[in-house]
Amino acid sequence: TTRVVVLISGSGSNLQALIDGQKAGSLPVEIACVISNRPGVRGLERAAEAGIEALTLDHKSFASREDFDTELAQQIDQYRPDLVVLAGFMRILTPEFTQRYQGRMLNIHPSLLPKYQGLHTHQRALDAGDSEHGVTVHFVTDELDGGPAAIQAVVPVIPGDDAASLAARVQQQEHVIYPLAVQWFAEGRLTMTDNKALLDSEPLPACGYQ
Ligand code: GAR
């Protein structure tokens, strides 16, 4: 089984999707640990409810981003993970950190990358009048929200949508595609070589599998 460490900052609904997939037997992974940079979040409760080891590393108690990332890497490495999963982890990571886990760290970003890197993606899609929006799972590289995509899901923007209704529609898809990407990785089907994502050794399109 593939050992996974999941990093969270909040509600942990994507973590829950992974836990559920693992419990259902469709995901050949062991979630070795969940680490939150924010104390007291719902995702930590979800980990506890599932009997998964969880710890908080409050970024506010570190003098610099480098210090935080160094400690974070030390904690992660204690669990010897094959894969690090960023699931709503809202911290920018240093290049030292991203390089350390190159090819074995995934992120989920709530937009059709390369559109809308950064924050407030749902509002930005609405403001732009987009008819479609979505979510991307990608390998993490030095470039913020810029690594090669593994899979993307597209949802319609419906008249009357606000950021919350659109986010909810996107999140439903998140909970489908993130477990799938993790499953592919665990099965050895999803890899990254030369900054390109491959599925079954075939290069994926820039937007990932759709
Ligand atoms: C998810 O919608 C995820 O796409 C987004 O945060 C949310 C976390 O929800 N991630 C980002 O914005 C990354 N920049 P969750 O804690 O319920 O999984």
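Below: a short report on this structure. Quantities reported herein were computed from a predicted structural model and do not represent experimental measurements. (Residues numbered from 1 in each chain as written. Predicted model: local features only at pLDDT ≥ 70, side-chain atom pairs only at ≥ 80, totals over all residues. Heavy atoms only, no water.)

### Side note on the sheet that holds strand E9 (residues 196–199)
Keep this limit in mind: Being paired, for any two strands, means DSSP has found at least two bridges between them. Think of it this way: any DSSP run of H or I at least four residues long counts as a helix, any run of E at least two long counts as a strand, and we number them from the N terminus.
Spatial ordering of the open sheet is given by E8-E9-E10, a layout of three strands whose pairing is antiparallel. Bordering the open sheet on either side are strand E8 (190–193) and strand E10 (202–203), each of which pairs with just one other strand. Two elements, E9 and E10, share two bridges in a ladder whose sense is antiparallel. What sits directly across from Leu198, in E10, is Pro203.

### Some remarks on the packing of aromatic side chains
The description of two aromatic rings rests on the distance between their centres and on the angle between their planes. Our working definition: Aromatic pairs are defined between Phe, Tyr and Trp rings, using the six-membered ring for Trp, whenever the two ring centres lie within 6.5 Å; interplanar angles under 30 degrees are classed as stacked, those over 60 as edge-to-face, and all others as tilted. Buried residues are those whose accessible area, probed at 1.4 Å on protein chains only, stays under 20% of the maximum for their type, while exposed residues exceed 50% and partly exposed ones sit between those limits. Only when the NZ atom of a Lys or the CZ atom of an Arg is both within 6 Å of the ring centre and within 35 degrees of the ring normal do we say a charge sits over the ring.
In the structure shown here, the tally under the stated rule is three aromatic pairs. Ring geometry for Phe62 and Phe68: centres 5.5 Å apart, planes at 75°, overall edge-to-face. We classify Phe62 as partly exposed; its relative accessible area is 24%. Ring centres of Phe97 and Tyr101 lie 5.0 Å apart, and the angle between their planes is 55°; this geometry places the pair in the tilted category. No difference in accessibility class separates Phe97 from Tyr101, as the two residues are buried. Residue placement shows Arg91 over the ring face of Phe68; its charged tip is 5.5 Å from the ring centre.

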